[in-house]
Amino acid sequence: MDHQEHQRWKGLSLMKIGIIGAGNIGGNLTRRLTGLGHEVSVANSRGPHTLTALAEETGATPVKVEDAARGADVVIVTVPVKAVPDLPAGLLDGAADGVAVIDTGNYYPQQRDGKIAAIEDDGLTESRWTAQQIGHTVIKAFNGTYAQDLLDRPRPAGATDRMALPVAGDDEAAKRRVRALIDDLGFDTVDAGGLDDSWRQQPGTPVYGLQEGLDAVTKALAEAPRERSADFRA
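Here's what I pulled together on the structure shown here. (Residues numbered from 1 in each chain as written. Predicted model: local features only at pLDDT ≥ 70, side-chain atom pairs only at ≥ 80, totals over all residues. Heavy atoms only, no water.)

## Considerations on the sheet that holds strand β3 (residues 61-62)
Remark on secondary structure: sheet strands pair via backbone hydrogen bonds, oriented parallel or antiparallel.
Then, number 1: Taken together, eight strands build an open sheet; the order of strands is β3-β2-β1-β4-β5-β6-β7-β8 and the sheet is mixed. The open sheet is flanked by β3 and β8 (188-191), the only strands paired with a single partner.
Then, number 2: In this sheet, β3 lies alongside strand β2 (residues 39-43) in parallel orientation, the contact comprising two bridges. Bridging from a neighbouring strand, V42 pairs with P62 of β3.
Then, number 3: Its contacts with the sheet place helix α8 (residues 172-185) against β1 (16-20), β4 (74-77), β5 (100-103), β6 (139-140), β7 (164-169) and β8, and it is angled at close to 165° to β7.
Then, number 4: Contacts from helix α9 (residues 214-222) reach β7 and β8, with the element oriented near 25° to β8. (Pairing = 2+ DSSP bridges. Helix = DSSP H or I, 4+ residues; strand = E, 2+ residues; numbered from the N terminus. Contact = heavy atoms within 4.5 Å. Axes fitted to C-alpha atoms, helices over the stretch in contact; angles between N-to-C directions.)

## Let's talk about the pattern of salt bridges
Then, number 1: Under the definition given, this model contains 17 salt bridges.
Then, number 2: Salt-bridge contacts for E39 lead to K16; the nearest nitrogen and oxygen are separated by 3.3 Å. Note that E39 is positioned in strand β2 and K16 in strand β1, a separation of 23 residues in sequence.
Then, number 3: With a closest N to O distance of 2.7 Å, D191 and K175 form a salt bridge. On the criterion of sequence distance, the pair formed by D191 in strand β8 and K175 in helix α8 is long-range, its members being 16 residues apart.
Then, number 4: Its relative accessible area of 2% is what places K175 among the buried residues.
Then, number 5: One network of salt bridges, in which partners are shared, links E172, K175, R179 and D191. (Salt bridge = Lys/Arg side-chain N within 4 Å of Asp/Glu carboxyl O. Buried < 20%, exposed > 50% of the residue type's maximum accessible area, 1.4 Å probe, protein only.)

## Some words on the nonpolar core
Then, number 1: By size, the foremost hydrophobic cluster in this structure holds 30 residues, and its most contacted members are I17, L29, L33 and F142.
Then, number 2: Listed by contribution, the elements that provide at least two residues to this core are β1, α2 (24-35), β2, β4, β5, α7 (147-152), β7 and α8.
Then, number 3: With five residues, α8 is the largest single contributor of residues to this core.
Then, number 4: Non-local contacts of I17, meaning those with residues more than four positions away in its chain, are made with L33, H38, E39, V40, S41, V74, I76 and L181.
Then, number 5: Among the nonpolar cores identified, the runner-up in size contains 27 residues, and V77, L87, L92 and A118 belong to it. (Core = buried A, V, L, I, M, F, W, Y, C linked by side-chain atoms within 4.5 Å.)

## Notes on the packing of α2 against α8
Then, number 1: One can describe the packing of α2 onto α8 by two numbers: an axis separation of 10 Å at closest approach and a directional angle of 80°. Relative to α8, the element α2 lies roughly perpendicular. Every residue of α8 that contacts α2 at L29, R32 and L33 is listed here: L181, D184 and L185.
Then, number 2: Grouping the amino acids of the contact of α2 with α8 by side-chain chemistry returns four nonpolar, no polar and two charged. (Parallel < 35°, antiparallel > 145°, perpendicular 65-115°, else oblique. Nonpolar A, V, L, I, M, F, W, Y, C, P; charged D, E, K, R; others polar.)

## Regarding unusual backbone geometry
Then, number 1: The backbone phi angle of F142 is positive, close to 70°, even though this residue is not glycine.
Then, number 2: Secondary-structure assignment places F142 in the loop between β6 and α7.
Then, number 3: You can call F142 buried: its relative accessible area is 3%.

## Topic: the packing of aromatic side chains
Then, number 1: A complete count under the given rule lists one aromatic pair for this structure.
Then, number 2: Seen from their ring centres, Y108 and F232 are 6.1 Å apart, and the 45° between their planes marks the pair as tilted. You can see Y108 sitting in the loop between β5 and α4 (109-113) and its partner F232 sitting in the segment after α9, a full 124 residues away along the chain. An identical accessibility class is assigned to Y108 and F232; each is buried. (Phe/Tyr/Trp six-rings, centres within 6.5 Å; stacked < 30°, edge-to-face > 60°.)

## Overview of the pairing of β8
Then, number 1: Across four bridges, β7 lies against β8 in parallel orientation. Note that in β8 the partner of L165 across the bridge is T189.
Then, number 2: With α8 bridging β7 and the parallel β8, this β-α-β connection has right-handed handedness. (Right-handed = clockwise from strand over helix to strand, strands pointing away.)

Printed below as a string of structure tokens:
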């Protein structure tokens, strides 16, 4: 039985997925999601011609950023936080009804992004800020996941060494879809609450980069300090 037959047997629907950003996380999600049989379009800021090798490797379709969400059931935004305001206006206009938008981003003010006052001074969570920039609510996932783990650490449901990933968001239907997709990728999930709770999985928190299962991830989320650590302030 090939994977697509297996998907149909499990009753899971294959989806059209747009990935914006082809760095480590975006590239490996392209690899995994095409491998599961999903129809994947992938875009980056440099243009489709720079994605030829990834497309040939995976079977994904390289597209312009403004076309990445067209018809998509799931859109994954995996670009540097400082680049989010530069995404095209109306990015999600052509997406499927009820599209789930995944934000994998992290705010690294000293290392990359510079100061974003709405996050640092006004206390917006990183993903709440991203949602405001793109004009659509998001599901925060994969932000504390090592890219290589997406390739190396999938395990079947029930495995004792299966990793769990925190998932936060306000749209419960979109969150369910994202959690089901992550389960299909070979990872458990922990509901980390709404977007205003997503500070619990931002950089510098106990769950960030944690390679553990459900219990440890749940505990780490509960132990997160509210104040942003000095390493992640401008």
